[in-house]
Amino acid sequence: MLAWYDRHRRTLPWRAPAGRRADPYVVWLSEIMLQQTTVATVGGYFRRFLERWPTVGALADAPIDDVLSAWAGLGYYARARNLHACARTVTEAHDGHFPQGEEDLLALPGIGAYTAAAIRAIAFDQPASAVDGNVERVIARLYAIETPLPDAKTEIKTRAARLVPAERAGDYAQAMMDLGATVCTPRSPRCVICPLMAGCKARKLGLAEELPRRAPKREKPTRRGLAFVLSRKDGAILLRKRPAKGLLGGMDEVPSSPWREGKLSPEKAMGDAPVPARWQILDGLVRHTFTHFHLELTVAHAIATTGGLARLAPGTTWCTIDRMTERALPTVMRKVIAHAVKN
DNA sequence: GAGCCGTGGAA
DNA sequence: TTTCCAAGGCT
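Residues numbered from 1 in each chain as written. Chains lettered and ligands numbered in written order. Predicted model: local features only at pLDDT ≥ 70, side-chain atom pairs only at ≥ 80, totals over all residues. Heavy atoms only, no water.

1. Quick look at the domain arrangement of chain A
For the record, the criterion: An automatic or database domain assignment is the source of the domain bounds shown. Here, two residues are considered to be in contact whenever any of their heavy atoms come within 4.5 Å of each other. Put simply, buried area is how much 1.4 Å-probe accessible surface two parts lose in total, over both of them, once they are put together. Only one rule defines a salt bridge in this text: a Lys or Arg side-chain nitrogen within 4 Å of an Asp or Glu carboxyl oxygen. Contacts described as polar in this section are N or O atom pairs within 3.5 Å, which, within protein, must combine one atom able to donate a hydrogen with one able to accept it, while residues neighboring in sequence count only if both atoms come from side chains. Residues are grouped as follows: Ala, Val, Leu, Ile, Met, Phe, Trp, Tyr, Cys and Pro are nonpolar; Asp, Glu, Lys and Arg are charged; all remaining types, including Gly, are polar.
Taken domain by domain, chain A comprises domain 1 (2-210) and domain 2 (222-342). Computed over C-alpha atoms, the centres of domain 1 and domain 2 are 36 Å apart. Listed by partner, the interface residues are 8 residues for domain 1 and 16 residues for domain 2. A buried area of about 760 Å², summed over both sides, lies between domain 1 and domain 2, and 54% of it is on carbon and sulfur atoms. Along the contact surface separating domain 1 from domain 2 lie 1 salt bridge. A salt bridge links D65 to K241; the nearest nitrogen and oxygen atoms lie 3.1 Å apart. Linking domain 1 with domain 2 are 4 residue pairs in polar contact (both at pLDDT 80 or more). Of the residues that constitute the side of domain 1 that touches domain 2, the class distribution is 4 nonpolar, 2 polar and 2 charged.

2. Looking at the packing of helix α2 (residues 24-34) against helix α6 (residues 78-93)
Threshold: Helix axes use the C-alpha atoms of the stretch in contact, all axes being lines fitted to C-alpha atoms, and the angles between their N-to-C directions lie in the range 0 to 180 degrees. We count a stretch as a helix when DSSP gives it H or I for four or more residues in a row; a strand needs E for two or more, and each element gets its number in order from the N terminus. For classification purposes, an angle smaller than 35 degrees is called roughly parallel, one larger than 145 roughly antiparallel, one from 65 to 115 roughly perpendicular, and anything else oblique. Helix crossings fall into two classes, left-handed where the near helix is turned counterclockwise from the far one by less than a right angle and right-handed where it is turned clockwise.
Direction vectors running N to C along α2 and α6 enclose 160 degrees, while the axes themselves pass 10 Å from each other. Accordingly, the angle class assigned to the pair α2 and α6 is roughly antiparallel. Our pair here, α2 against α6, has a crossing hand that is right-handed. Together, W28, L29, I32, M33 and L34 of α2 and R79, L83, C86 and A87 of α6 make up the contact between the two elements. The residue inventory of the contact of α2 with α6, partitioned by class, reads 8 nonpolar, no polar and 1 charged.

3. A word on the state of the cysteines
Defined as follows: The definition used for a disulfide is geometric: two cysteine sulfur atoms within 2.5 Å.
Summed over all chains, the structure comprises 0 disulfides. Not engaged in a disulfide, the cysteine C184 finds its nearest cysteine sulfur in C194; these two sulfurs lie 6.0 Å apart.

4. Some details on the protein's contact with DNA strand C
Short version of the rule: The cutoff for a nearby residue is simple: one of its non-hydrogen atoms must lie within 4 Å of the molecule or strand.
Around DNA strand C sit 26 residues, and of these Q36, G110, T115, D132 and N134 come closest. Put simply, 65% of the atoms of DNA strand C that lie within 4 Å of the protein are in sugar or phosphate. In the environment of DNA strand C, a sugar or linking oxygen lies 3.5 Å from a nitrogen or oxygen atom belonging to the backbone of L34. At a separation of 2.9 Å, a phosphate oxygen of DNA strand C approaches a polar backbone atom of G112. Secondary-structure elements contributing two or more residues to the surface near DNA strand C are α2, α8 (113-124) and α9 (133-142).

5. Notes on the UniProt feature "domain: HhH-GPD" (unreviewed entry) in chain A
The condition that has to hold: UniProt positions are given in the numbering used here, feature names are shortened, and annotations may be inferred rather than shown by experiment.
UniProt records the feature "domain: HhH-GPD" (unreviewed entry) for residues 33-182 in the present numbering. The span residues 33-182 is 65% helical and 0% strand by assignment, and the distance between its end C-alpha atoms comes to 19 Å.

6. Digging into the environment of A273
The line we're drawing: When accessible area is computed with a 1.4 Å probe and restricted to protein chains, residues below 20% of their type maximum are described as buried, those above 50% as exposed, and intermediate ones as partly exposed.
Structurally, A273 can be placed in the loop between α13 (266-269) and β5 (280-281). Accessibility expressed as a relative area gives 21% for A273, which makes it partly exposed. Each C-alpha atom, one on A273 and one on L230, is 9.5 Å from the other, the two residues being 43 residues apart in sequence.

7. Considering α6
Definition in use: Here, expected helix span is obtained from the residue count minus one, scaled by 1.5 Å. For this quantity, the arc is that covered by the directions from the helix axis to the C-beta atoms.
Here α6 spans 21 Å end to end across 16 residues, near enough to the 22 Å set by a 1.5 Å rise per residue. Those residues of α6 not exposed but buried are R79, A80, L83, H84, C86, A87 and V90. Mapping the buried residues of α6 onto a view down its axis gives an arc of 160 degrees, with all of them on the same face. Counted as exposed and oriented over 90 degrees from the buried face of α6: E92 and A93. On its buried face, α6 is in contact with α2, α3 (39-52), α4 (56-61) and α5 (64-71). Positive backbone phi, approximately 60 degrees, marks D95, located one or two places after α6.

8. Describing the environment of Q280
Inspection of the secondary structure assignment puts Q280 in strand β5. Residues Q280 and V229 lie 51 residues apart in sequence; the distance between their C-alpha atoms is 9.8 Å.

9. Describing the pattern of salt bridges
Applying the stated criterion across every chain, the model contains 19 salt bridges. Between R15 and D178 there is a salt bridge, with the nearest N and O atoms lying 2.9 Å from each other. With R15 in the loop between α1 (2-8) and α2 and D178 in helix α11 (residues 169-182), this residue pair connects regions lying 163 residues apart in the sequence. D178 carries the same exposure label as R15, and that label is buried. Two residues, D252 and K241, come together in a salt bridge whose shortest N-O distance is 4.0 Å. Pair noted here: D252 is in strand β3 (residues 252-253) and K241 is in strand β2 (residues 237-241), with a separation of 11 residues, a long-range link.

This is the structure we're talking about:
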């Protein structure tokens, strides 16, 4: 595995040169961003974060709203809130240095079993077993584990832990993830070039592509709502902040009616408008899919009048076009605004 | 333990 | 168009 890694090692923005350890801050930041997120998507965000906040102390000093706006578009926004909270804890309770022990790492917000092991292995070269989706797949195939996920997790973790070498544990962890990402891929695995081909049970049984099996997923329901884009004459748009926790927690949004399953009644939903105005329902829908439901947003647009300005709903603020990129607008809200501007 | 929590790219 | 799912964690 390590010999293969030495030959096929990928250059990634957060990866230290061969034979060197990466800065724990860099390892942590990249691992949080990479949770359920592809390397390609993370790249730009990682560079911008590191440029703007070069140390954990700098990140700790930042206002949470700055962190959320820099995170906008990456998804799973609890990660950004936990990232910030973790930076503050490391700065204040650990003197600006990431702890090296498993228990101390697990106590930090946003760091679970996988991330703690990844930090220990990659940043501190401890023989910790970091089992992510890639490793789950590699192990499930290597041992032809037919039990569907997530039930197979216990067996996979046990098998994976036995393979961790005493030396170069960080390189080994990254090698396994590289293997899963580039060779032992979910679809069309490239078994013929795999360094583990000789010992792979799934390969032997012709099951590689079918493993790991997964429990069937629940069907996603569709929720619908009416979003209100209120424009000022200078192009500014009315925004408000979402509650700190839950879906898109702490992010900015365009005001809207509640998102509910079933048919949308635009007449009733109009009662949720942030201000009385001559609202016009725009043609078309904005569709967006979250982790556990589809969303269909109808968009209403109006131009703010001086009379209406006095009766703005509380908690709403104007945002000019040139300041839009500074706001913590999740992708779904950028879609809504784009749809309103276009129509 | 199972549901909640985003997004974009590939097929 | 739809489906799958990626370097998961929290509750």
